[in-house]
Amino acid sequence: MDLRIFTEPQQGATYDTLLTVAKATEDLGFDAFFRSDHYLRMGTADGLPGPTDAWITLAGLARETKRIRLGTLMTAGTFRLPGVLAIQVAQVDQMSGGRVELGLGAGWFEDEHRAYGIPFPKEKFARLEEQLEIVTGLWSTEVGRTFSHDGKHYQLTDSPALPKPAQAKVPVLIGGHGATRTPRLAAQYADEFNIPFASIEDSERQFGRVRAAAEQAGRRGDDLVYSSALVVCVGKDDAEVARRAAAIGRDVDELKANGLAGSPAEVVDKIGRYEAIGASRVYLQCLDLADLDHLELISSQVQSQLS
């Protein structure tokens, strides 16, 4: 079971804060550091000092870390043209020595689009499908050949399809709860399918849909990695769990029901239940980025039992 650290910087974080968390992620033996791709805070957080851009952040971290994988859950397809995104991700992959993964989604948070003047189209899913075709097509085009795409939303003509990533294939993550189109898209383009903030029962149902779609598309269901993203709140005792829950404005019972919360033993047990339905990777949503002791506890008392 891989444990990855997943952050939400739009709630309030500087690049230096993210660098500190990423270095702790590496030093403590976690598999990867991922971040969201948002420009506006959610809920009651003040969001200070303001948003950081996902791929600019990852470019910096690519040069300042050595081992951990780096990626997004999920890059918003509304934020970047697909040709530009292919260049950005390929360059960050080169800067990291081949450690980047691309989670790509349709984009959903309309308020942040209004706040920063970003168009919010109605046909987001159809655009996402073209974006996936273009990004993966640009990367897979042989050097010396060109790539063209004549779609409803995007047109590329004789692109040199450069630069190339350092990896032969950048892993592509697709996720979500959609019952039909999402599994079909994952079956066609994804190396990993992620379901965020879902119960064990809903996760098992969605994993089954993706497996079936993969087999229908001529792939083996096990060709994909299946993963979950869940908020994490671990403490050595009840008082520490309560303190950490209060720090992120959440209720302990709600966290235990909907995330990974409680003692290390409780969290290990719940992760095991996700593993039993097919998840081999969990993204731990860490909302208090100043609490590095939390990461150390998870490393020493949760991850150590799953290795």
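Rules used throughout
- Residues numbered from 1 in each chain as written.
- Predicted model: local features only at pLDDT ≥ 70, side-chain atom pairs only at ≥ 80, totals over all residues.
- Heavy atoms only, no water.
- Helix = DSSP H or I, 4+ residues; strand = E, 2+ residues; numbered from the N terminus.
- Rg over C-alpha atoms; globule rule 2.2 N^0.38 Å.
- Buried < 20%, exposed > 50% of the residue type's maximum accessible area, 1.4 Å probe, protein only.
- 1 Å grid on protein atoms, 1.4 Å probe; cavity = no way out; pocket = protein on both sides within 12 Å on 5 of 7 lines; lining within 4 Å.
- Points joined across faces, edges and corners; volume = space filled by probe spheres on them.
- Nonpolar A, V, L, I, M, F, W, Y, C, P; charged D, E, K, R; others polar.
- Salt bridge = Lys/Arg side-chain N within 4 Å of Asp/Glu carboxyl O.

### Regarding the overall build of the protein chain
If you tally the helices and strands in the protein chain, you get 11 helices and 12 strands. The C-alpha radius of gyration computed for the protein chain amounts to 19 Å, which stays within 12% of the reference 19 Å derived for 307 residues, consistent with globular compactness. Seen through its principal axes, the protein chain has C-alpha atoms that stretch 60 × 45 × 35 Å. The buried share of the protein chain, taken over its 307 residues, is 54%.

### Concerning empty space enclosed by the protein
A full pass over the atoms with the stated rule returns 2 cavities of 30 Å³ or more. Put simply, the largest cavity is a space of about 70 Å³. As for the largest cavity, its lining consists of Val 232, Cys 233, Arg 244, Ala 247, Ile 248, Cys 286, Leu 287, Asp 288, Asp 291 and His 294. Listed by contribution, the elements that provide at least two residues to the lining of the largest cavity are β10 (225-234) and α8 (238-247). For the lining of the largest cavity, the residue count by class is 6 nonpolar, 1 polar and 3 charged. Here the second largest cavity defines a volume of roughly 40 Å³. Every residue along the wall of the second largest cavity is listed here: Ile 5, Val 21, Cys 286, Asp 288, Leu 289, Asp 291, Leu 292, His 294 and Leu 295. Top element by residues in the lining of the second largest cavity is helix α11 (residues 292-306). It accounts for 3 residues.

### Structural notes on the pattern of salt bridges
Taken as a whole and judged by the stated rule, the model has 22 salt bridges. Taking the shortest distance from any N to any O, the salt bridge between Arg 281 and Asp 2 comes out at 3.1 Å. Within this pair, whereas Arg 281 is found in strand β12 (residues 281-286), its partner Asp 2 is found in strand β1 (residues 2-7), the two being separated by 279 residues in sequence. Two residues, Arg 250 and Glu 254, come together in a salt bridge whose shortest N-O distance is 2.9 Å. One connected set of salt bridges, linked through shared partners, spans Lys 236, Glu 240, Arg 243, Arg 244 and Asp 291.

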